[in-house]
Amino acid sequence: MNLLDTLLRCVATLVVFLVLPLVIGQTEHKVMAHMQGRLGPMYAGGFHGWAQLVADGVKFAQKEDVVPAGADRRVFRIAPAVALLPYLLVLLVIPVGPDGFVGQAVDAGIFFVLAVMGIGVLGSLMAGWASANKFSLLGGLRTAAQLMSYELPMLLAAASVAMAAGTVSLPGIVDAFHWWWIPWQAIGAFVFFTAGLAELQRPPFDMPIADSEIIFGAYTEYTGLRFALFLLSEYAGIVVVAGLTTVLFLGGWHGPFSDSLGWLWTLLKTFALAFVVIWLRVTYPRLREDQLMRFAWTVLIPLALAQLALTGIVKVAIS
Amino acid sequence: MNLALPLLVPALPALGAAAGLATGKKYPGLARPLAVLPVAASAVLAVVVALQLGTGQSLDAATRLTPTGGPDISLALHLDGFSVLISLLVGLVATLVQIYSTAYLKDDPRYPSYAALVSLFTAAMFLVVYSGDLIVLLVGWEIMGICSYFLIGHHWETEDARSASLKAFLVTKLGDVPFLFGIFVLGADAGSFRITDVLAAATEGRLGHPTLIALLLLGGVAGKSAQFPLHTWLPDAMAGPTPVSALIHAATMVAAGIYLVARLMPVFLLSSAALVVLAVMAAVTMIGSALCALAQDDLKRVLAYSTVGQLGYMAGALASGDRDSAVFYLVGHGVFKALLFLTAGVVIHAAHTNSISAMSRMPDLRKRVPDAYWAMGIGLVALMGLPPFTGFFSKESVLTAAEHAAHGEALTRGAGPASAVPEAAGWIVLVAACLTALLTAAYSTRLWLVAFHGRAAAAPAAGAAAAEAGAPYSPEIDEADPATAEPPAMRWPLWVLAVPTMAFGLLGLRDNWLPSLLDGGSLRPTLATTVTGTGLALAGILIAYAAWRAAGARQAAATAGTAPADPGRLLLGPVHRFAQHGFGVDRLYSALFVRPTAAAARLVTFLDREVVETYVRGAGNGANALGWLVRRAQTGNAQSYLSALLAGAVLLAVLVAVGT
Amino acid sequence: MSTLLAATGSLEPAARSFLSPTGAEVVFLLVGLAVLGAAVVSVTTKQLVHAALWLVVALGGLAVEFLLLTAEFIAWVQVLIYLGSVVVLVLFGLMLTRAPIGRSPDADSGNRWAALLVALAAAGTLVTLVADAFRTSWIDLTAGGGSTRATGEYLFRHWVLPFEALSVLLLAALVGAIVLSRSTSGRLPRPRAGKLRAGKPVGRPAAPAATVPSTAPTAPAQER
Amino acid sequence: MHLVYPAVLAALLFCVGVYGVLARRNVVLVLMSVELMLNAVNLNLVAFDAWLRDAVHAGQALTLFTVTVAAAEIGLGLAIVLLVFRTRRTADVDRLTLLGDPSEAAPEAAATEPEGRAA
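All values derive from a computational prediction rather than experimental measurement.

(A) Just the overall build of chain D, in detail. Check the secondary structure of chain D and you find four helices and zero strands. What you see in chain D, going N to C, is helices and strands ordered as α-α-α-α. Counting over 119 residues, chain D shows a buried share of 61%. Pairs at least 24 apart in sequence give 57% of the contacts found in chain D among residues at least 6 apart. When the accessible surface of chain D is split by element, carbon and sulfur atoms take 69% of a total near 4000 Å².

(B) Fine view of the interface of chain C and chain D. In this complex, chain C contributes 96 residues to the contact, which on the side of chain D involves 80 residues. Buried surface at the junction of chain C and chain D, both sides included, amounts to about 8000 Å², of which 75% is carbon and sulfur. Taken together, the connections running from chain C to chain D amount to zero salt bridges. Counting only elements with at least two residues in the side of chain C that touches chain D, the list comes to α3 (23–44), α4 (48–68), α5 (72–96), α6 (112–133), α7 (148–158), α8 (160–181) and α10 (215–223) of chain C. Among the residues making up the side of chain C that touches chain D, the classes are represented as 63 nonpolar, 20 polar and 13 charged.

(C) Spotlight on empty space enclosed by the protein. Residues and elements named next belong to chain A. Inspection of the entire model under this criterion finds six cavities of 30 Å³ or more. Residue assignment for the lining of the largest cavity shows that the elements contributing at least two residues are α3 (73–93), α4 (109–130), α8 (186–200) and α10 (224–249). Residue contributions to the lining of the largest cavity peak at three residues, all from α10.

(D) Examining the packing of aromatic side chains more closely. A complete count under the given rule lists 26 aromatic pairs over all chains for this structure. Ring centres of F177(A) and W181(A) lie 5.8 Å apart, and the angle between their planes is 70 degrees; on these two criteria the pair is classed as edge-to-face. Here F177(A) matches W181(A) in class, with each residue buried. Relative to F169(B), the ring of Y149(B) has its centre 5.2 Å away and its plane inclined at 55 degrees; by these criteria the two rings are tilted. With Y149(B) in helix α5 (residues 134–152) and F169(B) in helix α6 (residues 159–190), this residue pair connects regions lying 20 residues apart in the sequence. What makes Y149(B) partly exposed here is its relative accessible area of 25%.

(E) Layout of the pattern of salt bridges. All names here are of chain A. A complete count under the given rule lists 14 salt bridges over all chains for this structure. A salt bridge links R202 to E234; the shortest N-O distance between them is 2.8 Å. Of this pair, R202 sits in the loop between α8 and α9 (211–214) while E234 is found in helix α10, placing the two residues 32 residues apart along the sequence. Accessibility expressed as a relative area gives 17% for E234, which makes it buried.

(F) Representation of the pairing of strand β1 (residues 59–66) of chain B within the structure. The sheet contact formed by β1(B) and strand β2 (residues 73–79) of chain B spans seven bridges and is antiparallel. When the bridges of β2(B) are listed, A61(B) appears paired with L77(B).

(G) Inspection of helix α10 (residues 242–251) of chain B at higher detail. Counting buried positions along α10(B) gives ten out of ten residues, so the element sits mostly inside the fold. Buried within α10(B) are the following residues: T242(B), P243(B), V244(B), S245(B), A246(B), L247(B), I248(B), H249(B), A250(B) and A251(B).

(H) Expanded view of the environment of H158(C). Along the chain, H158(C) turns up in helix α7. For H158(C), a relative accessible area of 44% gives the class partly exposed.

(I) Fine view of the side chain of D72(A). Mapped onto the secondary structure, D72(A) falls in the loop between α2 (52–62) and α3. One buried charged side chain, D72(A), makes no salt bridge at all; its nearest oppositely charged neighbour is R74(A), positioned 5.6 Å away. If near-sequence neighbours (up to four positions away) are discounted, D72(A) is found in contact with W129(A), A130(A), Q47(C), H50(C) and I101(C).

Reading the values: the criteria
Residues numbered from 1 in each chain as written. Chains lettered and ligands numbered in written order. Predicted model: local features only at pLDDT ≥ 70, side-chain atom pairs only at ≥ 80, totals over all residues. Heavy atoms only, no water. Helix = DSSP H or I, 4+ residues; strand = E, 2+ residues; numbered from the N terminus. Buried < 20%, exposed > 50% of the residue type's maximum accessible area, 1.4 Å probe, protein only. Contact = heavy atoms within 4.5 Å. Areas by Shrake-Rupley, 256 points an atom, 1.4 Å probe, with all protein chains shown as cover. Buried area = accessible area lost by both parts, 1.4 Å probe. Salt bridge = Lys/Arg side-chain N within 4 Å of Asp/Glu carboxyl O. Nonpolar A, V, L, I, M, F, W, Y, C, P; charged D, E, K, R; others polar. 1 Å grid on protein atoms, 1.4 Å probe; cavity = no way out; pocket = protein on both sides within 12 Å on 5 of 7 lines; lining within 4 Å. Points joined across faces, edges and corners; volume = space filled by probe spheres on them. Phe/Tyr/Trp six-rings, centres within 6.5 Å; stacked < 30°, edge-to-face > 60°. Pairing = 2+ DSSP bridges. Lys, Arg positive; Asp, Glu negative; His and termini not counted.

Distances and angles like these do not, on their own, reveal function.
Printed below as a string of structure tokens:
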């Protein structure tokens, strides 16, 4: 009974994991096209090229799986999986609705999420090193440095929320949410979301994989399905970051009729954030590597610490 | 009487020496006044002290210097006729030597230290003379030893001077060892180191071991006063500058021994054995040294051997129990020997050589240094003992004393009973003194004739003569320009000394002149000794002159340019060769002591180098080898260190687990 | 049922044995074997980056072991710190010191056999000791012993002072690392070609290596 | 759970770490082996904490502290390693023998170097 329930939840999460990133990807295509005043892919599948992403997937699957001659084959092959799997695990614990509408409730939710997301760095590093390519190695190192730098503000912002809620369990945090948390934790939300963007290496924080700078960094030598997996991990990352921001800072399922329509609120907020992610990509220019690191250490971390202090003060004041 | 004056007498030269040493490097201009003035002041003070003391008086003052647990050591002053007389001599000679040295060592770079050492030497002699305590006397005695070492080695660049200074130091030290023990035994027996106490003890017969004491003291006396068998250092000491020789021979060093015996005469009179020994020593010394003097070619060595012989005279007088005549002789001899040495310095300065045979080839040496010529003549006549010069009276007094001693009625002048002196000692001294008078006259004549009356025609050039092989090295050669006359500072001291040389002996004629200053009693010559002594001296002169004429004739017959006429060679015959080398005493010592000592030293060196050092080296090598082994482990590889550490930890854990 | 358990409570240790392992024990054993295997490969493989990746496996396995020992929070800390940071740093270090792809012939030093000997001896000693000492000891696991709540309680109730001390330590380490890794080209002596050798003039031989720094480090990579 | 399982596992893991520390040439690998040893200790701490049912959970708290210290250690250690690599162009432990006796170590290193290269 219990095992079956767990299995069912896992399968459901897998399905979500396979669907939502595709939706985000498709959205990105269209949104970017519209924002830049161009058509975008219009033919695949008919209506506004809805099947474009599927076609892309098929194309990737058909491509030859090339491994460079000087590469470390095993590591080269494992790397995409290592990059992708953490997001799958994280997705498992993000609550969508109230009363156990979650893949798997974990006691130390935020902690688990951040710990597992930290593993994703390994994927980039492995890919970058195993490709036997200078640009790949540079990209991998840059990725690792960036991810480790931005993990700290992210952790601090999340800690602020956990402090406010008095728990590290994700459903517990959402349960404890009140509307006035939004102004209270606004700085934390900004820090968390921005750091999340950087974790995903999305523009404007895409220096490590900038194709015009170091020809896609760690992923230079990847083709076909493995490259698709990296892309998938990026879109899954968008889902995860948007979902986590929703759950932590935007109240998750809270909203009108949250008892019945809670999951919808969560999804809506997530999508809205994902739209912001795409929007930002089109809006902002890329940060230089040094600017990028300085932003993390001199802006985000002080902000996160300030938020932590504010949370502490208010928390003491209201209790 | 003011005690400060006698205290200032030794203190002034000492202070002058300290000041000279301190300022010599920085202010060389101060060296001359610092050298001359304190010594001269001391001499004046000595005169003042003598005048204040008066005749027949004595002064004693003492302050306890340090408690020893045994007999106390005190800073004691003892002034009587003997000491003031000798201090006058010391002051006169030292002052003249200092003045003479300012010219003689004018361009010497080490003049300041030299002058300071001479001052110190003088101060030490004053200390010896004035001291009323044997230990303080010993201090002055040893300071003189070290000063003589430095002064003889003044020209330390030369091998001669180095070995001579070492030899003088070691030989005198050899005598000082028994001397020190003698003083200790004396002090222990008498219960005091004060000389007055000692003498009192001697007259009261409280000394337990008079013979032992006297013989031990004789060792030191023989060393300092150059008596056989410790006389060998004195001829070698000629390597020092000539003024130093004058100082040593006339006034300071060698006089100290005689003075000491004279001072402790009552002690010696207690032991007839010691007197006999002293007499034999004196006899051997005077005859041997006179023979040696006859054979020497070096002017200064002749004079040195002559000094040894004259010291033998003094020792003979002492052996005869007559200390008055000994001191009389000492002062007189001091004056004319200083004159002779200073004259020799002038001559050597002018002739540029020490060798009298080389001098004989210089045609106008006589005219070049007329002062020296006449002064030398006066000195030599005094040395021969012809009346009315000093030497005559002093020699006669010695002969008289010996004659009396030989008849068993020694002139002890109250120092002890006349029977204390054995007749044998008197006979020995008398015979030896007569023989020596003959020889002395002979070698004096030879010296005079050969040095100033050589056959000038035989000499090609003065410069070549100086370079003649066999001529002893003279370090003073380059110190002055031979073309210029000797400076006045070198000439007028000669005349200052010539006056007492001629006149001093007359002081002994009246009992209330000089003798009253001493023990009293007559110093007048008796008729028998006068005739004997003068006759022997005249005989010696005639023999020497005849031999010189004969040698000159023989040389004229031979080809020109060979060895110059030397009456010594003719007179001595086969003995000449031995006498020239001091009868091989040096060689004997070398065979008896030096070589065994050197061999023992070599043995010790061998033991040290090969045996002891093997252990040392072995220890070092062992440590090295161990270090090498340990160093093998220090590779700098942290992992191997860590491996060893962990292995040790595991081993310990296992041992503990198994052990419990 | 509960009364029966209570009745047999005192007999319980005797009932436990190696022959009847529980499910958790079986899982623990299997994961432990995996951890051990990964660790052994990690210290023996000649491919440097692989060693780090095998270390990831070993450390991840240990996180699972912690979970099995009900130390949940520690398990996540293990994942966060070790897998997320330490190993990444190690990989950083390996890549910055130019770890080559493929086997490095000189991965093991000369005293490998001494090391093996020491390690085996230590293993023998320790295992003998531990097995002998804890032959009859059993752990009674209760859920929630290492939960976040429990951890927070003991950490901030009993261990506050050491916790704060550790924060100071971390600050010191941070400052130290920054100071050490700052570019100090002006103050550091220029790199030398090799170690200092006695009897050779220092300075002149250093010049070629300093002016052409890229040749020496790439040499190992080309050897392969 | 039987206490012997975690205890023996920890002991073995520790010894594997020991081997790594002693046998590895690259400094980074040595640091990794040190991490293995630390983790073995952690496992022991956690296991004994559970066994003793400690009221203040000393074992787990110490484990957390160990992990923190390990993080600091690896950070500093790598900084040092990189510094060493920057200045001496090598990360090999057994070539960092400046503390050894130079007159002895130099010929040794010179002898082993080509041999190591050849292998």
